[in-house]
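# Secondary and tertiary structure notes
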Amino acid sequence: DAKSFVRLLADAFPSEWEGLPEVHWQPDQNKSDSTPNTSLWLSRLWDYISSEQSLGCDDMHLLLGNLQIIPTLVGEQDKTLQVLLEDMAVINVTNLQTGENANQDIAKVLRTVGIRTLDTTVFQGKDKPSIFRVLKKYIQPPTARGVIAAMVNSFPGQEADSDIVDRMKARFKYIDDAEIKVLRNFLRDSIENDLHPEEIMMLRTLPIFE
């Protein structure tokens with residue numbers, strides 16, 4: 001059953017990873033395919049999770065906050081693995097239908113301002129869209145709303161909107177004018193019509209619109 005599967009899965013992870021929300025990840029293709037230290041292992045895991053024979057929607061909660069199974073890129077494409085959370089500070093910048101990267105320029109800018117992007121190169125199977133459908137509930141979409149959600153989620157425990165806005169704005173000192181233009185155009189092109197007032201407020205306070 002699902003609980004037995006998760007218990008067996010946990011045994012495959014290094015003991016030193018226990019309790020860590022994120023670990024640096026350097027996949028070693030020379031190691032055994034039976035450990036999370038290889039991309040192939042993680043790819044096969046997600047092929048199974050997204051298959052009809054695997055966990056149902058009601059069982060995904062067994063993986064939450066538990067194991068480092070989300071491959072992400074940060075900064076200059078450094079690789080990490082994060083635990084699965086309900087509201088992640090990670091954006092999937094790929095086309096959900098084809099699995100192809102939508103825009104490498106915007107992905108780079110997002111990582112520069114501290115937002116992780118989903119490392120979809122790990123998923124080597126033929127059915128990436130099925131994996132993306134499972135992850136859609138947890139990973140943010142490549143939209144204005146997704147960017148705001150990822151930024152807010154990257155400050156866990158922050159309750160006051162003003163504090164979050166100040167910390168968000170501080171991150172933009174690391175990007176240049178060309179990158180600001182890329183991000184500004186991306187946000188304008190991907191903005192949804194049903195943004196909440198607090199989301200609009202946060203967008204308007206970003207220094208890229210000043």
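The text that follows walks through the structure, step by step, so that each part is easy to find. (Residues numbered from 1 in each chain as written. Predicted model: local features only at pLDDT ≥ 70, side-chain atom pairs only at ≥ 80, totals over all residues. Heavy atoms only, no water.)

## Description of the overall build of the protein chain
Tallying secondary structure elements over the protein chain gives eight helices and five strands in all. Ordered by position from the N terminus, the helices and strands of the protein chain form the series α-β-α-β-β-β-α-β-α-α-α-α-α. Looking at the protein chain residue by residue over its 210 residues, the buried ones come to 45%. A sequence separation of at least 24 residues applies to 65% of the contacts in the protein chain between residues at least 6 apart. (Helix = DSSP H or I, 4+ residues; strand = E, 2+ residues; numbered from the N terminus. Buried < 20%, exposed > 50% of the residue type's maximum accessible area, 1.4 Å probe, protein only. Contact = heavy atoms within 4.5 Å.)

## Digging into the environment of V109
Residue placement: V109 occurs in helix α3 (residues 104-112). In the structure, V109 is positioned 34 residues away from G75 in sequence and 9.0 Å away in space, judged by C-alpha atoms. Apart from the residues lying within four places of it in its own chain, the contact partners of V109 are I175, E179, V182 and L183.

## A closer look at the nonpolar core
By size, the foremost hydrophobic cluster in this structure holds 32 residues, and its most contacted members are L42, W46, L63, I69 and I70. Mapped onto this core, the elements with two or more residues apiece are α1 (2-11), α2 (39-49), β2 (68-74) and α4 (128-135). Per element, the largest residue contribution to this core is five residues, and it comes from α2. Contacts of I69, omitting those with residues within four sequence positions, involve F13, L42, L45, W46, I49, L63, Q82 and L84. (Core = buried A, V, L, I, M, F, W, Y, C linked by side-chain atoms within 4.5 Å.)

## Regarding helix α8 (residues 197-205)
The set of residues buried in α8 consists of E199, M202 and L203. Across the axial projection of α8, the buried residues extend over an arc of 100 degrees, all falling on one side. Seen from the open side of α8, the exposed residues pointing more than 90 degrees away from its buried face are P197 and R204. (Arc of directions from axis to C-beta.)

## Quick look at the environment of P27
Among the structural elements, P27 can be located in the loop between β1 (22-24) and α2. In the structure, P27 is positioned 53 residues away from T80 in sequence and 9.8 Å away in space, judged by C-alpha atoms. Setting aside residues up to four positions removed in sequence, P27 forms contacts with N37, T38, S39 and K79.

## A short note on the pattern of salt bridges
Tallying each qualifying case throughout the model produces five salt bridges. E179 is the partner of K108 in a salt bridge, and the nearest nitrogen-oxygen pair spans 3.2 Å. Residue K108 is located in helix α3, and its partner E179 is located in helix α7 (residues 177-190); the two are separated by 71 residues in the primary sequence. What makes E179 buried here is its relative accessible area of 13%. A single salt-bridge network, built from bridges that share partners, covers R145, D194 and E199. (Salt bridge = Lys/Arg side-chain N within 4 Å of Asp/Glu carboxyl O.)

## Quick word on the side chain of Q140
Along the chain, Q140 turns up in the loop between α4 and α5 (144-153). Using a relative accessible area of 12% as the deciding quantity, one classes Q140 as buried. Here M88 takes part through its backbone oxygen, which lies 3.0 Å from a polar atom of the side chain of Q140. Not counting residues up to four positions away in its chain, the partners in contact with Q140 are D87, M88, V90, I91, N92, G146, A149, A150 and N153. (Polar contact = N/O pair within 3.5 Å; in protein donor to acceptor, adjacent residues only side chain to side chain.)

## Quick notes on the pairing of β2
Within β2, seven of the seven residues are buried, leaving the element largely enclosed by the surrounding structure. Inspection of the sheet shows β2 paired to strand β3 (residues 78-83) by six bridges, in the antiparallel sense. Counterpart to T72 in the pairing with β3 is T80. The hairpin formed by β2 and β3 contains three residues between the paired strands, and G75 there has a positive phi angle of roughly 60 degrees. (Pairing = 2+ DSSP bridges.)

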